[in-house]
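Letter by letter, the chains look like this.
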Amino acid sequence: NPELSPEYQQGGEGGLELYFGTRGSLVVTRYNQTVDGLIAQPLVDSVRTVVPCPESQPCYQNSRDAAGYGYWRQYENVNMGSIRNQGWELHATHAIGPLSLTGTYSWTKSRLIGITPRYRAAFSTSGSAYQVGASVDALAEHTGAVGVTYAQSRGSISLNSSFIGSTKGSGNPL
């Protein structure tokens, strides 16, 4: 797309870091930012395959016309609008003798706040993943991880676990 321009971000971010000697730490970060010129890759067209799809194999996206030809979806990068990202990030560590404990948690709220006038008609249909006020498709708002490590001079063993909260939709994130 020759009209594609870079995204740009503005807003604030701040945090607090607390250290408890060599025993532990707590880091808290808050951010509230806006991304303008957001690049998205919407479906803009489709192209008929050159040869019919074999009966033994499904066509792309199960699209087959009466003659057996399939259709390939065509996408294009466009500057489709603006999004607001706000959230909190927490990270904590604690050491007790040979044990080390670590935990992280992130809450990210990303919402579409506007659509570029040029694309407003294409993205405002009901069923479009790009609705003003909607959360970003396939982006979890809550993520985190915890870990425990036992270390001695000859080696260590770790147990780590992470989670990703539920997501909306199954498409590509913006």
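Residues numbered from 1 in each chain as written. Predicted model: local features only at pLDDT ≥ 70, side-chain atom pairs only at ≥ 80, totals over all residues. Heavy atoms only, no water.

**Points about the overall build of the protein chain**
Part 1 of the argument: Within the protein chain one finds one helix and eight strands.
Part 2 of the argument: The linear arrangement of helices and strands in the protein chain, starting from the amino end, is β-β-β-β-β-β-α-β-β.
Part 3 of the argument: Relative to its 174 residues, the protein chain shows a buried fraction of 25%.
Part 4 of the argument: Look at the contacts in the protein chain between residues 6 or more apart in sequence, and 63% of them connect residues 24 or more apart.
Part 5 of the argument: Surface summary for the protein chain: the accessible area is close to 11,400 Å², and the carbon and sulfur share equals 55%. (Helix = DSSP H or I, 4+ residues; strand = E, 2+ residues; numbered from the N terminus. Buried < 20%, exposed > 50% of the residue type's maximum accessible area, 1.4 Å probe, protein only. Contact = heavy atoms within 4.5 Å. Areas by Shrake-Rupley, 256 points an atom, 1.4 Å probe, with all protein chains shown as cover.)

**Some details on the environment of Leu43**
Part 1 of the argument: Along the chain, Leu43 turns up in strand β3 (residues 43-48).
Part 2 of the argument: For Leu43, a relative accessible area of 47% translates into the label partly exposed.
Part 3 of the argument: Taking the C-alpha atoms as reference points, Leu43 and Ala122, 79 residues apart in sequence, are found 10.0 Å from one another.
Part 4 of the argument: Beyond its immediate stretch of four places on either side in the chain, Leu43 contacts Arg73, Gln74 and Tyr75.

**Brief notes about the pairing of strand β1 (residues 8-20)**
Two faces belong to every sheet, and in a regular strand the side chains alternate between them.
Part 1 of the argument: Across the 13 residues of β1, zero count as buried, placing the element largely on the outside.
Part 2 of the argument: In this structure, β1 lies alongside strand β2 (residues 24-40), joined through 13 bridges in antiparallel fashion. Along β2, the bridge assignment pairs Glu17 with Val27.
Part 3 of the argument: With antiparallel pairing between neighbouring strands as the criterion, β1 and β2 make up a hairpin whose turn holds three residues, including Gly21 at a positive phi of roughly 60°. (Pairing = 2+ DSSP bridges.)

**Topic: the nonpolar core**
Part 1 of the argument: In this structure, Val35, Leu38, Ala40, Val78, Met80, Ile83, Leu112, Ile115, Tyr119, Tyr130 and Val136 together form the largest nonpolar core, which totals 11 residues.
Part 2 of the argument: For this core, the secondary structure elements donating two or more residues are β2, β5 (78-96) and β6 (99-115). (Core = buried A, V, L, I, M, F, W, Y, C linked by side-chain atoms within 4.5 Å.)

**Comments concerning the confidence of the model for the protein chain**
Part 1 of the argument: Counting all residues, the mean pLDDT for the protein chain is 85, and 87% of those residues have values of 70 or more.
Part 2 of the argument: Scored below 50 in pLDDT, residues 170-174 makes 13 contacts in the model with residues more than four places away or belonging to other chains. (pLDDT = per-residue confidence, 0-100.)

**Some points on the environment of Leu18**
Part 1 of the argument: Looking at the element boundaries, Leu18 is found in strand β1.
Part 2 of the argument: Taking the C-alpha atoms as reference, Leu18 lies 8.8 Å from Val28; in sequence the two are 10 residues apart.
Part 3 of the argument: Ignoring any residue separated from it by four or fewer positions in sequence, one finds Leu18 in contact with Gly24, Ser25 and Leu26.

**A word on the pairing of β2**
Part 1 of the argument: Within β2, 13 of the 17 residues are buried, which leaves it mostly tucked inside the rest of the structure.
Part 2 of the argument: Bridge count between β2 and β5: 16 bridges; the pairing is antiparallel. Bridge pairing in β5 places Val35 opposite Ile83.

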